[in-house]
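So the chains spell out like this:
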Amino acid sequence: MTTLVTGGAGYIGSHTAKELARRGRKVVVLDNLSTGHRDFVRWGAFEEGDLADSVFLDRVFEKHGIDEVVHFAGFIAVGESVEKPDIYYRNNVSHTFTLLDAMVRHGVERIVFSSSASVYGEPETERLAEEHPLNPISPYAWSKRIIEQVLADYGTAYGLRSVSLRYFNAAGADPDAEVGERHRPETHLIPLVLEAAAGRRDCIKVFGTDYPTPDGTCLRDYIHVADLADAHVRALDHLADGRPSDVFNLGNGNGFSVREIIEVVREVTGLDVPVQEAPRRAGDTPALVSSPEKAGRVLGWHPQFEDVRSVVASAWNWHRRDWA
Ligand code: UFG
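Keep in mind the model is a prediction, meaning the values are calculated, not measured.

Caption draft 1: Region of the structure containing the domain arrangement of the protein. Looking at the assigned domains, one finds that the protein contains domain 1 (2-171 + 224-250) and domain 2 (189-220 + 253-323). Distance between the C-alpha centres of domain 1 and domain 2: 24 Å. Between domain 1 and domain 2, roughly 2200 Å² of surface is buried when both sides are summed, and carbon and sulfur atoms account for 61% of that area. It is R127, H224 and D227 that lose the most area in domain 1 upon contact with domain 2, and together they represent 27% of the buried surface on that side. Between the two partners, domain 1 and domain 2, sit two salt bridges. In this structure, the salt-bridge partner of D246 is K294, at a minimum N-O distance of 2.5 Å. The interface formed by domain 1 and domain 2 holds 15 residue pairs in polar contact (both at pLDDT 80 or more) in total.

In structure tokens form, the structure reads like this:
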């Protein structure tokens, strides 16, 4: 089985490429390296190029005999998407059409798509299940919501079957520290707190301390990237077994506050973390916690990194190696 991994030089894409290869699939990574890293392409073939280029896509599908697709490529910064909706809709929506049309042309009928918990918008319940109403509030979240709908419509029209995976907060790194989280610039909490612990930045700013949560800071559901990778392989197997299109939350089902994460970093690293309290960051919702039961029931997916300490420890292990 040959799997095309778009965005396979990125954070979640590279971990998934590793897991696919480990489970015996032939992997083809497609990435334009605009945010991905060449040294993250360690499993399978590499095709450097752009999703917008349908001639390039035709060549890749023909050359490798692609059987199925995992689609990670896309921009991910919620705040930036508010400032530059044009590039988010073009990259995340238009270029996905180019990919889907190439799939239809080449008779490839199975795709797993990187969606996001941000499609839910402001939570109306404490834990979010897949049936929660979808109310995206940023162009980034809209781009994910739109593609979920496009996939449903391509299913009806062209027989494409899809699984959309709604990630909560991806975190941690490959337990072997071969790949990890490397965003430039970095905006995510755990790597920033680790940088503060290591003295690579002055402090961690806590965005908002007056939220209606137990300690006043935002709650998030941190899910280990290796557990995400496992879920992608299970979703591909689900489709390869002839089962229907579906949508799943991927989270641990537990919320951790910003202050709790800082405390865990202190414990794991044994280092002090200088903290500065700062105003709320625009667009942040007080709590975003999954109800992940459906992925357990249907895909047999059960996160292995349940303890947030193990998530932070794997990230610390990777970052120290990457900085060196
Ligand atoms: N935070 C800080 N200080 C920082 C950085 C973050 O206090 O320097 C806080 C944020 O305010 C938020 C929490 O830490 O409360 C987590 O923030 P992240 O930026 O790490 O992650 P988000 O929850 O904002 O976003 C993540 C993904 C998005 C995705 C979203 C919803 O990055 O792609 O989850 O699934 F859309």
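Caption draft 2: Examining the pattern of salt bridges more closely. Under the defined criterion, the tally for this structure stands at 29 salt bridges. In this structure, the salt-bridge partner of E68 is R25, at a minimum N-O distance of 2.6 Å. With E68 in strand β4 (residues 68-71) and R25 in the loop between α1 (11-22) and β2 (26-31), the pair connects residues that are 43 residues apart, well separated along the chain. There is no split in this pair, since E68 and R25 are both buried. Close ionic contact of R127 with E293 constitutes a salt bridge, the shortest N to O distance being 3.1 Å. Of this pair, R127 sits in the loop between β5 (110-116) and α5 (139-158) while E293 sits in helix α9 (residues 293-299), and the two are 166 residues apart along the sequence. Take R127: its relative accessible area is 36%, and that puts it in the partly exposed class. Through salt bridges with shared partners, a single ionic network connects K18, R42, D174, D176 and E178.

Caption draft 3: Seen up close, the sheet that holds strand β9 (residues 219-220). The three strands are arranged β12-β9-β14 in an open sheet whose pairing can be described as mixed. Strands at the two margins of the open sheet, each flanked by one partner only, are β12 (256-257) and β14 (287-288). Across two bridges, the pairing between β9 and β14 is parallel. If you follow L219 over to β14, its bridge partner there is A287.

Thresholds, definitions, all that
- Residues numbered from 1 in each chain as written.
- Predicted model: local features only at pLDDT ≥ 70, side-chain atom pairs only at ≥ 80, totals over all residues.
- Heavy atoms only, no water.
- Domains from an automatic or database assignment.
- Buried area = accessible area lost by both parts, 1.4 Å probe.
- Salt bridge = Lys/Arg side-chain N within 4 Å of Asp/Glu carboxyl O.
- Polar contact = N/O pair within 3.5 Å; in protein donor to acceptor, adjacent residues only side chain to side chain.
- Helix = DSSP H or I, 4+ residues; strand = E, 2+ residues; numbered from the N terminus.
- Buried < 20%, exposed > 50% of the residue type's maximum accessible area, 1.4 Å probe, protein only.
- Pairing = 2+ DSSP bridges.

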